[in-house]
Amino acid sequence: MPKPKWKLNTIYISERLQESLRPISRCALTTVVAPMGYGKTTAVNWYLEERAKAGPLRVVRISVYSDNLAIFWRSAQDAFARAGIDLLREYACPTDAAGGGLLADDLCHELAGETPCYLFIDDFHLLTDQRVTAFLCMLAGRLPANVHLIIASRDRFLPAAEIVRLGARVYRLGTEQLRLNHTELAVYAHRCGTELSDAQAESLLYSSEGWFSAVYLNLRTLSEHGTLPERDSDIFTMFTAAMIEPLPQRQQEFLAVMGLADEFTAEMARFVTGDADAEELLAVLTAQNAFVKRLPDGVTYRFHHMMKECAERTFRTLDAERQRRCRERYGAWYEGRGQYLHAMAAYRRCGDYGALLRVVQEDAGILLASLPPSEVPAALDECPADALKAHPFALLVLMRSMFNWRNIPKMLELKALLLAALEEHPELPTQERGDLLGECDLIMSFLCYNDISAMSRLHRSASAQMSRPAISIRSSGGWTFGSPSVLMMFYRAPGELAGELAEMTECMPHYYKITNGHGQGAETIMRAEAAFVQGRFTDAHIALESAYAQIEGNGQENMALCCDFLAQRLSRYAEVGPHRSFAERRTELLRHHNASWLNLWNAVSAYCHALRGEMEQIPEVFAEHRLASVSILAPGRPMIEMIENQVYLAQGAYAKVIGRSEGLLALCEGMHYALVALHIRLQTASAYERLGKRREAEALLAQALADAAPDGIVMPFAENYRYLKPLLAAGPQTALTARVLALGEAGERRQSGTVRPAAFAVLTEREYALVGLMAQRLTNREIAEKLFLSEGSVKQYVNQIYSKLHIEGDQRTKRRRLAELLAHKA
């Protein structure tokens, strides 16, 4: 009788499971939750293949391999790119709910359409960051009807509240749907090439509980030995005995070595194992082993977790030198492809600390920042001091990283190692020594944050010594830590403004030289802001336009938003139109997919609209006081909290403003934020005045006036004039209060005269400012001089205005029609 032909690699999806999979196409989110080996991935892949046969669809498959968010984000970017969707390629990984909301909106816009789209995230249990779960639940609530999210996990991850909130949008599959029953087990065995007796089927069902992998391994053992394994066999022992031990030694070693990789290609396998015929080995293994899969891209391979676990156990039986060489080659492969976190891990495991530190330098702290703050110091403790001293540039990167993690003792310890290394190597070229010492000074300057004198000394020292830009700072990174104002960051004490401006002007060119222009224009913005807070509007406008010109085209939107903040504030008191309206600026920022820039725009918008009483225009995150959902860096937090206070004040939440003030003032005092403290005192005085607490309001106002007098600061008072007017009028009259009263009255008159009529709603702020000048019968040349524009630019603006307002005819007719519109603005 001929021996039966086994077909153990057959894919079996029972009719019951097929029916259970059908609702996926009707739901926004499907969760497939079951322990390892229940066929979650196989079931989803079968379903997607069947859908592809039925018609066009897009599929994005993302596999999770670790708990590291940066690695997951890279996997997501690659997966979308493989599916022909480039949205995420230049997208920074969101770090807060605001950034997640932006990403969700962009994904919904990108994926919406007639073609069904499936996003499949596999092995989600490995990613324990709750922010990801929260994001996916929020995304599921927004997805268009053609997009379906499928998440496979070993553990339940959906919070009960989200299950209730999502309702019919979520569909849950579990062990009950995936496990085999008696009939299905018999059918599966038949398709694999054997007929089980009822007793055998019952015994196998009892021992496996319908667990697909256990059934498969039992049938594998039956095919090779003619009997089923004992019921008490350990699954991993059974797996090794069935899937690895029968293989030739060369194939066993190949599996053991490649089991360390999350995913790999034939090229990578050749490099790591040294097997020139790696492709042939993989072809053999995938043909006879259901636990080694080639992914849908046709070039990438992946081990099932059970195979991976057993392969790693086998790897640990190899001799120590063989293990070391393999990990070293893994490190080299990852390093050569910019996968620095994988490279660091591989080099650390094989003890090659020289290579590890080389990668730290190459990474420049970018991906290193995604590691837990405790992990890097632990790795450094393992690293011999001599290896650290042999890589001084890596020490600089690590110093900066320790500062970011607020581990100052470790930062200073690394500095001491750097200085010791330089002392031990007097033969170092002068230029290299200068670069190292200069960048060390630059990094140490961060400890002197907002003490311009101390920072300036270190920046000048760094600039004098360095021959190249710093390796530890990216010029594209934010410079103001999320603050919309440079002056608020660096104004430390009453009476110091002139000196601080001079030091800033002297300091920043040195800083730009060694950081590729990071924060370009900061000193000019600070000078413009200083002129504004002193009520010198023409000087402020000139410096503001200089700052815009200084930063134009350099990609540092953080600095441009600081300019926008000042331009919007200035426009309330002078004939200065912002370059773009709030709506135009937001639309422009959305194209960059940068959540930190949008967070800064929200702060700018919230402050300005709160001052104007335009409550419906305040961004939701401020209007509803959801700043807890936004990632705010510590140096920028007092400014953002002050802006939230301004919103509370505009909303009439006076007790809230007063209740928050003590903590905010303490925060400002600790960080030497004198200007922010001035704003908070004025907000609190305003709140007390509105609640009829005149004595408390007068005390705070008196202190604010005393603090403002040495530098002639008036605009924070003028901006809050509608609250402070009774207090200012009733209090002692000084030159300072007289100036504040004059500015406040002028601002109120201007505000009442610039309520925009509905007919002009289509115009930008800049265009509406031009309309006001045109109404004064100024020529194009006169308008150009007032707004610091060319005459040609004014002509373009005028034509745009007429076009948007649908005004036609000759020049005289157009002017007359515009005047008529203005006359009817009431």
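Described in the following lines is the structure provided in the data block. Since this is a predicted model, take the numbers as computed values, not measurements.

Procedures and definitions
Residues numbered from 1 in each chain as written. Predicted model: local features only at pLDDT ≥ 70, side-chain atom pairs only at ≥ 80, totals over all residues. Heavy atoms only, no water. Pairing = 2+ DSSP bridges. Helix = DSSP H or I, 4+ residues; strand = E, 2+ residues; numbered from the N terminus. Axes fitted to C-alpha atoms, helices over the stretch in contact; angles between N-to-C directions. Contact = heavy atoms within 4.5 Å. Parallel < 35°, antiparallel > 145°, perpendicular 65-115°, else oblique. Left-handed = near helix turned anticlockwise from the far one by under 90°. Nonpolar A, V, L, I, M, F, W, Y, C, P; charged D, E, K, R; others polar. Buried < 20%, exposed > 50% of the residue type's maximum accessible area, 1.4 Å probe, protein only. Right-handed = clockwise from strand over helix to strand, strands pointing away. Core = buried A, V, L, I, M, F, W, Y, C linked by side-chain atoms within 4.5 Å. Salt bridge = Lys/Arg side-chain N within 4 Å of Asp/Glu carboxyl O. Phe/Tyr/Trp six-rings, centres within 6.5 Å; stacked < 30°, edge-to-face > 60°. Polar contact = N/O pair within 3.5 Å; in protein donor to acceptor, adjacent residues only side chain to side chain.

Strands sit in the order 2-3-4-1-5 across an open sheet of five strands; the sheet is parallel. Strands at the two margins of the open sheet, each flanked by one partner only, are strand 2 (58-63) and strand 5 (170-173). Shown here is a sheet whose adjacent strand axes are inclined to one another by a mean of 15°, direction ignored. By the bridge criterion, five bridges tie strand 3 (residues 117-122) to strand 4 (residues 147-153) in an arrangement that is parallel. Along strand 4, the bridge assignment pairs Tyr118 with His148. This element, helix 3 (residues 69-82), spans strand 2 and strand 3 of the sheet and lies at about 155° to strand 2.

Take the packing of helix 26 (residues 497-515) against helix 27 (residues 522-533) next. Remark: helix 26 packs on helix 27, axes separated minimally by 8 Å, with the N-to-C direction vectors making an angle of 160°. As far as their axial angle goes, helix 27 and helix 26 are roughly antiparallel. Helix 27 is crossed by helix 26, and the crossing has left-handed handedness. For the pair formed by helix 26 and helix 27, the contact residues are Leu497, Glu500, Leu501, Met504, Thr505, Met508 and Tyr512 on the first element and Ala522, Glu523, Met526, Arg527 and Ala530 on the second. Within the contact of helix 26 with helix 27, the residues separate by chemical class into eight nonpolar, one polar and three charged.

Moving on: the pairing of strand 4. With seven of seven residues buried, strand 4 lies mostly within the body of the structure. Of the two faces of strand 4, the one holding Val147, Leu149, Ile151 and Ser153 and the one holding His148, Ile150 and Ala152 are both buried throughout. With five bridges connecting them, strand 1 (residues 29-33) and strand 4 associate as parallel partners. Bridge assignment links Leu29 to a residue of strand 4, and that residue is Leu149. In the classification by handedness, the crossover that spans strand 3, the intervening helix 5 (residues 130-140) and the parallel strand 4 is right-handed.

Moving on to the nonpolar core. Counting residues in each nonpolar core, the largest one holds 250 residues, and the members touching the most others are Leu219, Trp479, Phe490, Phe622 and Phe717. With twelve residues, the top contributor of residues to this core is helix 31 (residues 595-612). Here Leu219 is in contact with Trp6, Leu8, Tyr188, Ala189, Cys192, Thr194, Leu196 and Leu204, once residues within four sequence places are set aside.

Within the structure shown, the criterion is met by 47 salt bridges. A salt bridge links Asp275 to Arg250; its shortest N-O distance comes to 3.6 Å. In this pair, Asp275 is assigned in the loop between helix 13 (266-273) and helix 14 (278-288) and Arg250 in helix 12 (residues 249-258), connecting sequence segments 25 residues apart. One salt bridge in this structure joins Glu321 and Arg324, with 2.8 Å as the shortest N-O distance. Separated by three residues within a single helix, Glu321 and Arg324 lie in helix 16 (residues 320-336), roughly one turn from each other. Taking relative accessible area as the criterion, Glu321 reaches 38% and is therefore assigned partly exposed. Salt bridges sharing partners connect three or more residues here, namely Glu557, Asp564, Arg580, Arg585 and Glu588.

For the rest of this paragraph, the subject is the sheet that holds strand 6 (residues 264-265). Paired through their backbone hydrogen bonds, the strands of a sheet run either parallel or antiparallel. Taking strand neighbours across the sheet as the criterion, the three strands line up as 6-8-7 in an open arrangement whose pairing is antiparallel. The sheet is open, and its two borders are formed by strand 6 and strand 7 (292-294), each paired with just one other strand.

Before going further, it helps to spend a moment on the packing of aromatic side chains. Tallied over the entire structure, the rule returns 18 aromatic pairs. For the ring pair Tyr47 and Tyr118, a centre distance of 5.9 Å and an interplane angle of 80° mean the geometry is edge-to-face. Of this pair, Tyr47 sits in helix 2 (residues 40-54) while Tyr118 sits in strand 3; the two residues are 71 residues apart in sequence, bridging distant segments of the chain. Classification of Tyr47 as buried rests on a relative accessible area of 6%. Seen in terms of ring centroids, Tyr449 and Phe481 are 5.6 Å apart; in terms of plane orientation they differ by 80°. Their pairing is edge-to-face. Residue Tyr449 is located in the loop between helix 23 (430-444) and helix 24 (452-465), and its partner Phe481 is located in the loop between helix 24 and helix 25 (487-490); the two are separated by 32 residues in the primary sequence.

The next thing to look at is the side chain of Arg302. Mapped onto the fold, Arg302 is located in strand 8 (residues 300-303). When its relative accessible area of 10% is taken as the criterion, Arg302 is described as buried. Among the polar contacts listed, one links the side chain of Arg302 to the side chain of Tyr65, at a separation of 3.5 Å. If we ignore the near neighbours within four places in the chain, the residues touching Arg302 are Ser63, Tyr65, Asp122, Asp123, Asp262, Phe291, Val292, Lys293 and Leu295.

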